[in-house]
Amino acid sequence: MTQEVYDLGSSSIDVLVSRIPTLNPLLGECVLVVTHGDLIRTLLCHYLGAPLAAWRRIRTDNGGISAVATGEGACEVKFLNALPDPARARDASHWGGHP
């Protein structure tokens, strides 16, 4: 296991973006990435070409599964935040009660 140490002065977005290059060698492969939702949202923005500042606009729940197909210079979201209990997708409780 690799231990990573971050500069405490770094912004969270800088830390998240710094992780993107570690996945680049895996593009086109079938890979499972298990990590915190913030990094998953940042990766989704990156691979979709969306502004990284929009990472908080993508919802990822605990246990949610997202899939992105990569290859030939393009990425496609196959599904986003699939949940075993679909009713959780409408639960706004972790957004402070706001949908």
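The coordinates are above.
Residues numbered from 1 in each chain as written. Predicted model: local features only at pLDDT ≥ 70, side-chain atom pairs only at ≥ 80, totals over all residues. Heavy atoms only, no water.

Draft legend 1. Local environment of the overall build of the protein chain. The number of helices and strands found in the protein chain is three helices and two strands. In sequence order, the secondary structure elements of the protein chain are arranged as α-α-α-β-β. Considering the protein chain as a whole, with its 99 residues, one finds that 20% of them fall into the buried category. Look at the contacts in the protein chain between residues 6 or more apart in sequence, and 31% of them connect residues 24 or more apart. As displayed, the protein chain offers around 7300 Å² of accessible surface, 57% of which is attributable to carbon and sulfur atoms. (Helix = DSSP H or I, 4+ residues; strand = E, 2+ residues; numbered from the N terminus. Buried < 20%, exposed > 50% of the residue type's maximum accessible area, 1.4 Å probe, protein only. Contact = heavy atoms within 4.5 Å. Areas by Shrake-Rupley, 256 points an atom, 1.4 Å probe, with all protein chains shown as cover.)

Draft legend 2. Spatial organisation of the environment of Arg41. By the element assignment, Arg41 lies in helix H3 (residues 37-48). A relative accessible area of 9% places Arg41 in the buried class. At 3.3 Å, the side chain of Arg41 forms a polar contact with the backbone oxygen of Ile58. (Polar contact = N/O pair within 3.5 Å; in protein donor to acceptor, adjacent residues only side chain to side chain.)

Draft legend 3. Region of the structure containing the pattern of salt bridges. In the structure shown here, the tally under the stated rule is three salt bridges. Its salt-bridge partner being Arg41, residue Asp38 comes within 2.5 Å of it at the nearest N-O pair. Taken together, the positions of Asp38 and Arg41, both in helix H3 and three residues apart, correspond to about one turn of that helix. Between Arg59 and Asp61 there is a salt bridge; the shortest N-O distance is 3.2 Å. Per residue, the accessibility class of Arg59 equals that of Asp61, and both read buried. (Salt bridge = Lys/Arg side-chain N within 4 Å of Asp/Glu carboxyl O.)

Draft legend 4. Structural context of the layout of surface pockets. Approximately 780 Å³ is the volume attributed to the largest pocket. In terms of lining, the largest pocket is formed by 29 residues, of which the most central are Val31, Leu32, Val33, Ser66 and Ala67. Elements supplying a minimum of two residues to the lining of the largest pocket: H3 and strand S1 (65-71). Sorting elements by how many residues they give to the lining of the largest pocket places S1 first, with six residues. By residue class, the composition of the lining of the largest pocket is 16 nonpolar, eleven polar and two charged. (1 Å grid on protein atoms, 1.4 Å probe; cavity = no way out; pocket = protein on both sides within 12 Å on 5 of 7 lines; lining within 4 Å. Points joined across faces, edges and corners; volume = space filled by probe spheres on them. Nonpolar A, V, L, I, M, F, W, Y, C, P; charged D, E, K, R; others polar.)

By themselves, these are just geometric observations and shouldn't be taken as functional.
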